[in-house]
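Read off the chains here:
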Amino acid sequence: MTKHVNMVDKAIIMDSQAIKRALTRIAHEIVEHNKGVSDIALVGIRTRGVPLAQRVAEEIKRIEGVEVPVGILDITLYRDDLSTLAYQPIVHETLIPFSINGKKVVLIDDVLFTGRTVRAALDAIIDIGRPSSIQLAVLIDRGHRELPIRADYVGKNVPTSGKEIVSVQLAATDEAEQVVIKEFIQE
């Protein structure tokens, strides 16, 4: 008998309003922690970190009246599991049209899980330039770290089990605007 594994939605843990509130809070925390926004640059990690970084930048502009630069980082070639991915990995463009030298770079991603994506992003940023500091903002921190990495700014801490997946869905990349916990179920 063959068992099928399906993924089912277990719970919606954030709706569009909760996401908006979390991003607003993260923007305020970035401004407060850095005593303003001089020398701040936001860098979104592809894919969903990019629209999150753009939205945080919009909030910072609303709060401070200042536009902070936003870059796009593709970490595909920096992944430590590259050899286990597709034979020809799909590499997207990294677009950071400003110098990060001496800047306080805030990396932004959707979910912090094992820490391996962030490690790859740190390697990529260091290859691009020498920021004065690198900070991390995530919409969701789900735990289960494999590396000693922590976020400076967190929208929501969500304890999860190993068989659960946290799915961030944003209007810019997906059909919906919500965060859903999904679970694998054998049938």
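Above this text sits the structure in question.
Notes on the structure follow. From a predicted model like this one, the values you see are computed outputs, not experimental measurements.

1. Describing the packing of aromatic side chains
Link 1 in the chain: Evaluation of the coordinates by the stated rule reveals 0 aromatic pairs.
Link 2 in the chain: Above the face of the phenylalanine 113 ring, arginine 142 is positioned so that its terminal group lies 3.9 Å from the ring centre.

2. Describing helix α2 (residues 49-64)
Link 1 in the chain: Between the first and last C-alpha of α2 there are 22 Å, a value that for 16 residues agrees with the 22 Å anticipated at 1.5 Å per step.
Link 2 in the chain: Of the residues making up α2, those classed as buried are Gly49, Val50, Pro51, Leu52, Ala53, Val56, Ala57, Glu59 and Ile60.
Link 3 in the chain: Close packing links the buried residues of α2 with α1 (16-33), β2 (40-45), β3 (70-73), β4 (104-112) and β5 (133-141).
Link 4 in the chain: Two residues or fewer past α2, glycine 65 is found with a positive phi of approximately 75°.

3. Thoughts on the pattern of salt bridges
Link 1 in the chain: Scanning the model with the defined rule gives 14 salt bridges in all.
Link 2 in the chain: Here arginine 48 ties to aspartate 174 by a salt bridge, and the two come within 2.7 Å at their closest N and O atoms. Of this pair, arginine 48 sits in the loop between β2 and α2 while aspartate 174 sits in the loop between β7 (164-169) and β8 (178-186); the two residues are 126 residues apart in sequence, bridging distant segments of the chain.
Link 3 in the chain: Judged by its relative accessible area of 23%, arginine 48 falls in the partly exposed class.

4. As for the pairing of β5
Link 1 in the chain: For β5, a buried count of 7 out of 9 residues is recorded, marking the element as mostly surrounded by other parts of the structure.
Link 2 in the chain: Bridge count for β4 against β5 is 8 bridges, and the pairing is parallel. Paired with leucine 112 across the strands is aspartate 141, a residue of β5.
Link 3 in the chain: Following the chain from β4 across helix α3 (residues 116-128) to the adjacent parallel β5, one finds a crossover that is right-handed.
Link 4 in the chain: Summarising the sheet, β5 and strand β6 (residues 153-157) pair through 4 bridges and their orientation is parallel. Paired with alanine 137 across the strands is tyrosine 153, a residue of β6.

5. Observations concerning α3
Link 1 in the chain: A rise of 1.5 Å per residue sets the reference length of α3, with its 13 residues, at 18 Å; its end C-alpha atoms lie 19 Å apart and thus fit the reference within 8%.
Link 2 in the chain: Every buried residue belonging to α3 is among Val118, Ala120, Ala121, Ala124 and Ile125, and all of these are buried. Looking down the long axis of α3, one finds its buried residues gathered within 155° of arc, a one-sided arrangement. Structural note: α3 exposes Ile126 and Asp127 on the side pointing more than 90 degrees away from its buried face.
Link 3 in the chain: Structurally, α3 contributes buried residues whose contacts are with β2, β3, β4 and β5.

6. Section: the environment of asparagine 34
Link 1 in the chain: Along the chain, asparagine 34 falls in the loop between α1 and β2.
Link 2 in the chain: The exposure class of asparagine 34 is buried, given its relative accessible area of 8%.
Link 3 in the chain: Put simply, asparagine 34 and glutamate 93 are 59 residues apart on the chain and 29 Å apart in space, counted from C-alpha to C-alpha.
Link 4 in the chain: Beyond its immediate sequence surroundings of up to four residues, asparagine 34 is in contact with Ile40, Lys104, Gln135 and Tyr153.
Link 5 in the chain: At 3.4 Å, the side chain of asparagine 34 forms a polar contact with the side chain of tyrosine 153.

About the criteria used
- Residues numbered from 1 in each chain as written.
- Predicted model: local features only at pLDDT ≥ 70, side-chain atom pairs only at ≥ 80, totals over all residues.
- Heavy atoms only, no water.
- Phe/Tyr/Trp six-rings, centres within 6.5 Å; stacked < 30°, edge-to-face > 60°.
- Lys NZ or Arg CZ within 6 Å of the ring centre and 35° of its normal.
- Helix = DSSP H or I, 4+ residues; strand = E, 2+ residues; numbered from the N terminus.
- Expected span 1.5 Å × (residues − 1).
- Buried < 20%, exposed > 50% of the residue type's maximum accessible area, 1.4 Å probe, protein only.
- Contact = heavy atoms within 4.5 Å.
- Salt bridge = Lys/Arg side-chain N within 4 Å of Asp/Glu carboxyl O.
- Pairing = 2+ DSSP bridges.
- Right-handed = clockwise from strand over helix to strand, strands pointing away.
- Arc of directions from axis to C-beta.
- Polar contact = N/O pair within 3.5 Å; in protein donor to acceptor, adjacent residues only side chain to side chain.

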